[in-house]
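Per-entry structural report
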Amino acid sequence: MSHTTQVPHRRTVPGRGGAAPAAPTRARRRRPTSQQLAAWAFLAPVTLYLALFYAYPLYRNVDLSLRDYTVRSFVQGNAPFTGLENYRKVFDDPVFGPALTHTVVFTVVCLVFQYAIGLALAVFFNQHFRLSATLRALFLVPWLLPLIVSASTWSWMLNSDSGIVNTLLGAVGIGPVNWLTSPDWSLTSVIIANIWIGVPFNLVLLHSGLQSIPASLYEAASLDGAGAWRRFWSITFPLLRPVSAITLLLGLVYTLKVFDIIWIMTKGGPADSSTTFATWSYRLGFGNLLPAFGPGAAVGNLLVVAALVFGLVYLRVQRKQAPA
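Residues numbered from 1 in each chain as written. Predicted model: local features only at pLDDT ≥ 70, side-chain atom pairs only at ≥ 80, totals over all residues. Heavy atoms only, no water.

Description of the layout of surface pockets
- There is about 650 Å³ of room inside the largest pocket.
- Along the walls of the largest pocket sit 25 residues, with Lys 257, Ser 281, Gly 300, Leu 303 and Val 304 positioned nearest its centre.
- Broken down by element, the residue count for the lining of the largest pocket peaks at 11 residues, all from helix α15 (residues 293-321).
- Per-class residue counts for the lining of the largest pocket are 18 nonpolar, six polar and one charged.
- Estimated volume of the second largest pocket: approximately 460 Å³.
- Listing elements by their share of the lining of the second largest pocket, those giving two or more residues are α4 (96-125), α12 (241-256) and α15.
- Per-element tally for the lining of the second largest pocket: the top contributor is α15, with seven residues. (1 Å grid on protein atoms, 1.4 Å probe; cavity = no way out; pocket = protein on both sides within 12 Å on 5 of 7 lines; lining within 4 Å. Points joined across faces, edges and corners; volume = space filled by probe spheres on them. Helix = DSSP H or I, 4+ residues; strand = E, 2+ residues; numbered from the N terminus. Nonpolar A, V, L, I, M, F, W, Y, C, P; charged D, E, K, R; others polar.)

A look at the nonpolar core
- Among the nonpolar cores identified, the biggest contains 35 residues, and Phe 106, Leu 158, Trp 179 and Met 265 are the most heavily contacted of them.
- Ranked by residues supplied to this core, first place goes to helix α9 (residues 186-211) with 10 residues.
- Setting aside residues up to four positions removed in sequence, Phe 106 forms contacts with Val 190, Ile 191, Asn 194, Thr 255, Val 258 and Ile 262.
- By size, the runner-up hydrophobic cluster in this structure holds 15 residues, among which are Phe 96, Leu 111, Ala 278 and Leu 284. (Core = buried A, V, L, I, M, F, W, Y, C linked by side-chain atoms within 4.5 Å. Buried < 20%, exposed > 50% of the residue type's maximum accessible area, 1.4 Å probe, protein only. Contact = heavy atoms within 4.5 Å.)

A short note on the environment of Thr 101
- Residue position: Thr 101 is located in helix α4.
- When the C-alpha atoms of Thr 101 and Phe 277 are compared, they prove to be 9.6 Å apart, with 176 residues separating the residues in sequence.

Considering the pattern of salt bridges
- Enumeration over the complete set of coordinates arrives at five salt bridges.
- The salt bridge involving Asp 92 is made with Arg 88; its shortest N-O contact spans 2.9 Å. Taken as a pair, Asp 92 and Arg 88 lie in helix α3 (residues 85-92) at a separation of four residues, close to a single helical turn.
- Overall, the relative accessible area of 53% leaves Asp 92 in the exposed class.
- Taking the relative accessible area as the measure of exposure, Arg 88 reaches 43% and is therefore partly exposed.
- Linking Asp 272 and Arg 283 is a salt bridge whose minimum nitrogen-to-oxygen distance equals 2.8 Å. Highlighted residues: Asp 272 in the loop between α13 (260-265) and α14 (277-286) and Arg 283 in helix α14, separated in sequence by 11 residues.
- Within the structure, one salt-bridge network assembled from shared partners comprises Arg 60, Asp 63 and Arg 67. (Salt bridge = Lys/Arg side-chain N within 4 Å of Asp/Glu carboxyl O.)

Some remarks on the environment of Ser 234
- Looking at the secondary structure, you find Ser 234 in helix α11 (residues 228-239).
- When the C-alpha atoms of Ser 234 and Tyr 218 are compared, they prove to be 9.9 Å apart, with 16 residues separating the residues in sequence.

With respect to the packing of aromatic side chains
- Applying the stated criterion to the full structure yields 21 aromatic pairs.
- A ring pair is formed by Phe 91 and Phe 96, whose centres lie 5.2 Å apart and whose planes are at 90 degrees; its orientation type is edge-to-face.
- One aromatic cluster is present, formed by Phe 259, Trp 263, Tyr 282, Phe 286 and Phe 293 through successive ring pairs. (Phe/Tyr/Trp six-rings, centres within 6.5 Å; stacked < 30°, edge-to-face > 60°.)

Quick notes on the packing of α4 against α9
- Packing of α4 against α9 leaves a shortest axis separation of 6 Å and a crossing angle of 40 degrees. Looking at the two axes, α4 sits oblique to α9. Seen along the crossing, α4 lies across α9 with a hand that is right-handed. (Axes fitted to C-alpha atoms, helices over the stretch in contact; angles between N-to-C directions. Parallel < 35°, antiparallel > 145°, perpendicular 65-115°, else oblique. Left-handed = near helix turned anticlockwise from the far one by under 90°.)

Scope: geometric values only; no functional claims are made or implied.
This is the structure:
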């Protein structure tokens, strides 16, 4: 009896004398790992917060600026679409030019003096003398006070009749100044108050930046015969540049939207002499019996665009300065 052996069938590769092996039917889907799930769980609250309190209000503000909203349509939600008509009204308004000028002057002057005074105080308190920590804590009081309290205090101090500032000026033979009721002095008054409030913020950030500069650099410079000014311009100021940049950026964003101080002290007057985009936007939207929601939102969007532009400039500068 003959026995035949069965050889198992083999699939060959095409081009080598046979058929191709069968491909897998389905690719296995990768399941998210526990670390990825944990990451999404931590990101979810932040994403929800940004969507509810930043993205949605910004969307609503843009929608307001592109429609002709009245009180009735604001409640019912059937305002007609007008495109860029509200922006045209804002640019054609005679208040636009003075408000733009006041916003630029208010922002630039406040930033320069807040940074300069804050830097001088930070360098002073970096000497670690006795009671330096206590005095530095006292300088934080203007920053910690509610803005309504600070603005009310400055309104009382700068009062033309009973203010302490005019009393002190009279003691040295200078006549009274109408700080809050004169078109020549109203903008100066709110600038002084805002500088006083913003100096502690600059002091805290710049002082923390000074703590990161190694003391050995100052010791080496002193051994080389460098004086105090030389050490400041060659060591302190250059190494403090990253902290200075973020301090100025945050100060810029804050100063652009300052409303409480100006509104409590002068309400943007007299005769729009201290009106900025922030106070003008509020007055258009809520300060009249017939509110102009669309133009008010348009002015607010101009502030948002200005802040975004400076933020992008800051990011671009930081990328150029970052090491490759």
